[in-house]
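Reading the structure
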Amino acid sequence: MSLRRPLAFAATALVALPASAAAEQTTDLRYQCKYPLVGIKMLDAQLQLDLADRTPTSVPIGPSALRVQASAFDMAAGLQAIDDLTAIRGTSTAYATVKTEQGFNVPAKTVGTVPFTMLPDPIPDPLVWVSDGQLPALVFDDPGVEEVRLDRLSFNLTAIDSVGDPIALPPITRDLDGSKVSPSDDDPFTFDVYCRLAPSDQDPGIGRFVVGDGPVPSITPRPTLPPLPTATPVPTPDPNATPTPTPGPTPPPTPTPVPGADTTPPSVPGESFGAPASDIGADSLLVRWSASQDEPDGSGLDHYVVSYEDQSFTVGPNETTFKLTGLSPNSDYDVFIYAVDGAGNVSLPLYLAFTTLPGPTPVPTPTPVGWTPSPIPTATPIPTPTPIPTATPLPTATPGPGQQKLTATYLCKYPLVGIKRLTLDSTIDMPNTWPTSVPTSPFAVRQEFRLFDMAAGLQAIAGLSSLQGTTTAFATVKTAQGFNVPAKTVSTIPSVAISSTVPDPLVLTSLGQTPALTFDDPGVEELFLDKLAINLTAKDAAGDPIPLPPVTKDIDGNKVSDSDGDGNTFDVYCKLDPANQGTKWGSFEILGNPAPTPVGTPAPTLAPTPTPTPKPATPTPAPTVVPTPYPGADTTSPSSPTETFDGVESDITPTSIIVRWGAAQDDPGGSGIDHYVVTYEDQSFIAPATARSYKLDGLGPEADFDVFVYAVDKAGNVSLPLYLNYRTLYEGTPTPAPTLAPTPSPKPVTPTPKPATPTATPTPASAKYAYALTGSTTLNTLTKGTMPLSGSVNATLALATGDIVADLTLNDTQGRVIALGFLPVTVNVRFVTSGQTTGKVVDDQLTTNSKVRIKVGGVKAFGAIPLVSGNSCQTKQLSDITLKSTGPFDPIGTGGTLAGTYAISDLNGCGPLNGLVSPVTAGTGNTIAVKLTPKPGA
């Protein structure tokens, strides 16, 4: 078979054997699809193909309209949990092939449009959407019966809120086969859905046609797809939990509960703390949990289900560990553990997140092309944590300034997360000596900051994609004469991408220059760095700033104001850790020039008498002092290499990058450009002065590389770098495209008009936190009224204002107390929240307010005589509970303690003994103290 189009033959064939008119062929196929958030679900596709049943040889058939009507099952609960989800739109890709009678498979990929589709409320099951596209026109030279087949589908969709803005969903990192995948379009506001034919005896054929004059095959009607089996539904995890993990697969269907029998699921499996480090390997995980509890008189715990990605495992009811094997090194895994009782009720899941250890994969060494690289003498590179790439150390040429280093630890005050530790590795290109009265060059400064304990706080900020800003080093030069000369240095922190899994520590790198200073007196000068300030901007995926609440007090508790008056940036105040050893950054010696010998005016020579007056002597002139030139007079660095846009698509492959730049300029009268230095990771390569590109080889596919290009002049002065970021391509085998006949412009699809909506204020950026709550409350009317408290809090913080809304859950509690000074009473108390808890964070202080209805049940005198039973005894009015921090509140590290007082109103619904029970509990001045502890992984 060949795909060609001889025009003369095609014209003859058109006369002799016209193509048949298009006929609609309809097929129903079932697919398995991988979605974000909800995992793997079934999808039924009704495929309508408008395809001519006959075409002559060597004459294009098509383009042929293809409509996909998708019915997505078991999506309703997951989509309903997405706040303000209103509509979807996007594209579909049908990976069709034409199987020819000669045995060839001709690709006929079809991209269709999913128009703006409103989602009903509630969302139906199945959810239905439609896409329309066209198979490309194809030419077949050989006669025979050809079949169109469709094994694989994918969708690229956008979720849209009520004001028409996109809703970002977490990306899928692995497809249905467990292979790693990247977003198809690099747009954070779209999400991919991967579908393949369900594993059954389905025939993937969706249409047939004849090339030439053979008989048209009859198409056997396809059987109707059998209904999908109904499994016991698994409760949907709380959508307000923070951060929202990618849910694992639903546990296998469990037995249908007997009507009227146990219908209450067991409790959620608990977290197990204190697991040894050996639980996590490069290819395995030992998952641990604490036992679930079934309700009293329930059917009892039957088994656990451990799920990750597309796999589920059943574990006995007495087991609390399970080992996952065959995993990939340095990979993230979300694991879900469900408890199932004897009646088939399934608990909400315990969610655990793990990262396997790195495997012993060697890093390939790039092979320079075009010339032999020469090593640049540098200090030992500062190790850079993975996966955040940072600039490599500044190259040092010879002759040139020497490098002096400082390593110090600071305590820094941040918004939201409070005081955290930061370590600084700073390198300054500073000479050992300098002459008097000559301005020093601006010395290049590189600073690498390691920010500890920041991961949880940054991951909680919704939409955070990058950080950038400046750092100010408040340096001081202490002179030999005892003066302190300020040498404040402002450096630039280039944009650093923040991934979904933030490393600990987070690494930021800044580049800058010290100011030029002049010293008139010789001596040894020392440079100290005692204080740091950082000004950062948090940005979302669209590059827009995310405002954070300002820091109003510095690390010493002094009031501070915004350093730059820009509400879109935030300040970080740092001071030396008291345990730090020294802050000396470096030293250099000012060399005095030898002073010229002073020559005075000579006294006149007097003529002796009677000797004739001689000719007056000419005075000896004072010598002209010529300053000794400083060796290596060119002390000005060349300009940075410039960014160029001359590259071509082939510059980037899965294993190589061609780096390109524009020429740097040396100062007029300078020594001239000598060479360029190209660095990435811990490697440096030299390119000649005439070079404008350099090829890096031996790289890995789908990897990010930060590349820095420096210019060095003949006096050894080094420019500031040109920073470039690259990502190597996916290493896959592309499907060869067939020779396509010209495709006429497709008939435009009229999109469903988007309903007009009023312009709304954009939703402010937010951060989410989850806490475990423990504490106690004391009822003031009881002489020994302390009751334990436990529960949870899921909070959302508006970053720009510090306002908080939260879902508060308080578990039932019981107290054994003395009522009225003499009566031993056992009381069961239930706290039922009304609406959401509100509050505000200002610096490290948290204030909250909750409205709570208090229910009293199971009141027994002497532990045996029932005074109240049932569920109707409750306060007439809501209790207004305001809590305030009793010390610093750390949202992500240690949490904090809050305390307050509240009143309980009179009770009603307590039965005949209402008059006795109400005084036992009603009253003011009741105290409460709770400890909020951040949940691991939240």
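Please refer to the structure placed before this passage.
All of the points below concern the structure found in this document. Note that the structure is predicted; figures quoted are calculated from it, not measured.

1. Description of the packing of aromatic side chains
Using the criterion set out here, one finds 11 aromatic pairs in the structure. A centroid spacing of 5.8 Å and a plane angle of 70 degrees characterise the contact between tyrosine 680 and phenylalanine 705, whose relative ring orientation is edge-to-face. In this pair, tyrosine 680 is assigned in strand β31 (residues 673–680) and phenylalanine 705 in strand β34 (residues 704–713), connecting sequence segments 25 residues apart. With respect to burial, tyrosine 680 and phenylalanine 705 carry one shared label: buried.

2. With respect to the pairing of strand β22 (residues 444–451)
The side chains of a regular strand alternate, first on one face of the sheet and then on the other. Counting buried positions over the 8 residues of β22 gives 8, a clear majority of the element. Going residue by residue along β22, you find Ala444, Arg446, Glu448 and Arg450 tucked away on one face and Val445, Gln447, Phe449 and Leu451 tucked away on the opposite face as well. In terms of strand pairing, strand β20 (residues 418–429) meets β22 through 7 bridges, oriented antiparallel. If you follow threonine 423 over to β22, its bridge partner there is arginine 450.

3. Observations concerning the environment of glutamate 731
Here glutamate 731 shows up in the loop between β35 (722–727) and β36 (766–778). The spacing of glutamate 731 and threonine 653 is 78 residues in sequence and 8.3 Å in space, taken between C-alpha atoms. Residue contacts for glutamate 731: discarding those within four places in its chain leaves Pro654, Thr655 and Pro701.

4. Remarks on the environment of cysteine 873
By the element assignment, cysteine 873 lies in the loop between β43 (865–868) and β44 (874–875). Sequence separation of cysteine 873 and lysine 855 is 18 residues, and the distance between their C-alpha atoms is 5.8 Å.

5. Digging into the nonpolar core
In terms of nonpolar packing, the biggest core is built from 85 residues, with Tyr410, Leu422, Ile461, Leu529 and Leu532 touching the most fellow members. By residue number, the principal contributor to this core is strand β27 (residues 523–540), which donates 6 residues. Among all residues touching leucine 422, those that are not within four sequence positions of it are Ala408, Thr409, Tyr410, Cys412, Tyr414, Phe449, Arg450, Leu451, Leu532 and Ile534. Among the nonpolar cores identified, the runner-up in size contains 51 residues, and Ile123, Phe191, Ile206 and Phe209 belong to it.

6. Structural notes on the side chain of serine 58
Secondary-structure assignment places serine 58 in the loop between β3 (54–55) and β4 (64–72). Separated by 2.8 Å, the side chains of serine 58 and aspartate 141 make a polar contact.

7. So, the sheet that holds strand β15 (residues 311–315)
Consider a sheet: its strands pair through backbone hydrogen bonds, and that pairing is either parallel or antiparallel. What the 4 strands build is an open sheet, ordered β15-β14-β17-β18; its pairing is antiparallel. Sheet topology places β15 and β18 (350–355) at the edges, where each strand pairs with a single neighbour. For this sheet, the mean angle separating the axes of adjacent strands, direction not counted, is 25 degrees. In terms of strand pairing, strand β14 (residues 301–308) meets strand β17 (residues 332–341) through 7 bridges, oriented antiparallel. What sits directly across from histidine 303, in β17, is valine 340.

8. Regarding unusual backbone geometry
With omega at 5 degrees, the peptide bond leading from aspartate 121 into proline 122 counts as cis. Residue placement: proline 122 occurs in the loop between β7 (110–118) and β8 (127–135). The omega angle of the peptide bond from aspartate 504 to proline 505 is 5 degrees, so this bond is cis rather than trans. Following the sequence through the fold, proline 505 ends up in the loop between β25 (489–497) and β26 (506–513).

9. With respect to the pattern of salt bridges
Overall, the coordinates contain 14 salt bridges when judged by the stated rule. Salt-bridge contacts for aspartate 812 lead to arginine 830; the nearest nitrogen and oxygen are separated by 3.0 Å. Of this pair, aspartate 812 sits in the loop between β38 (803–810) and β39 (813–819) while arginine 830 sits in strand β40 (residues 823–833), and the two are 18 residues apart along the sequence. You can call arginine 830 partly exposed: its relative accessible area is 36%. What emerges from the salt-bridge pattern is a single network uniting Asp425, Arg446, Glu448 and Arg450.

10. Concerning the environment of serine 92
Its location among the elements puts serine 92 in strand β5 (residues 87–99). In this structure, the C-alpha to C-alpha distance between serine 92 and threonine 110, residues 18 residues apart in sequence, is 8.0 Å. When near neighbours in sequence (up to four residues on either side) are disregarded, serine 92 contacts Thr110, Val111, Gly112, Val114, Ser131, Ser154 and Phe155. At 2.8 Å, the side chain of serine 92 and the side chain of serine 131 are in polar contact.

11. Thoughts on the state of the cysteines
The full count for this structure, using the stated rule, is 2 disulfides. Between cysteine 33 and cysteine 195 runs a disulfide, and the two sulfur atoms are separated by 2.1 Å. Looking along the S-S bond of the cysteine 33-cysteine 195 disulfide, the torsion reads about 115 degrees, which is the right-handed sense. Taken together, the positions of cysteine 33 in strand β1 (residues 22–35) and cysteine 195 in strand β11 (residues 191–197) put the pair 162 residues apart, joining distant regions of the chain. Per residue, the accessibility class of cysteine 33 equals that of cysteine 195, and both read buried. With its sulfur 2.1 Å from that of its partner, cysteine 412 forms a disulfide with cysteine 574. For the disulfide bridge between cysteine 412 and cysteine 574, the dihedral angle about the S-S bond is near 110 degrees, and by the sign convention the bridge is right-handed. Residue cysteine 412 is located in strand β19 (residues 403–414), and its partner cysteine 574 is located in strand β28 (residues 570–576); the two are separated by 162 residues in the primary sequence. Like cysteine 412, the residue cysteine 574 is buried in the burial classification.

12. What about the sheet that holds β31?
With antiparallel pairing, the 4 strands of this open sheet are ordered in space as β32-β31-β34-β35. One side of each edge strand has no neighbouring strand; the edge strands of this open sheet are β32 (683–688) and β35. Here the average twist between neighbouring strands, direction ignored, is 25 degrees. Pairing of β31 with β34, which is carried by 7 bridges, proceeds in the antiparallel orientation. Across the sheet, the residue bridging to valine 678 is valine 709, located in β34.

Reading guide: rules and limits
Residues numbered from 1 in each chain as written. Predicted model: local features only at pLDDT ≥ 70, side-chain atom pairs only at ≥ 80, totals over all residues. Heavy atoms only, no water. Phe/Tyr/Trp six-rings, centres within 6.5 Å; stacked < 30°, edge-to-face > 60°. Helix = DSSP H or I, 4+ residues; strand = E, 2+ residues; numbered from the N terminus. Buried < 20%, exposed > 50% of the residue type's maximum accessible area, 1.4 Å probe, protein only. Pairing = 2+ DSSP bridges. Contact = heavy atoms within 4.5 Å. Core = buried A, V, L, I, M, F, W, Y, C linked by side-chain atoms within 4.5 Å. Polar contact = N/O pair within 3.5 Å; in protein donor to acceptor, adjacent residues only side chain to side chain. Axes fitted to C-alpha atoms, helices over the stretch in contact; angles between N-to-C directions. Salt bridge = Lys/Arg side-chain N within 4 Å of Asp/Glu carboxyl O. Disulfide = S-S within 2.5 Å.

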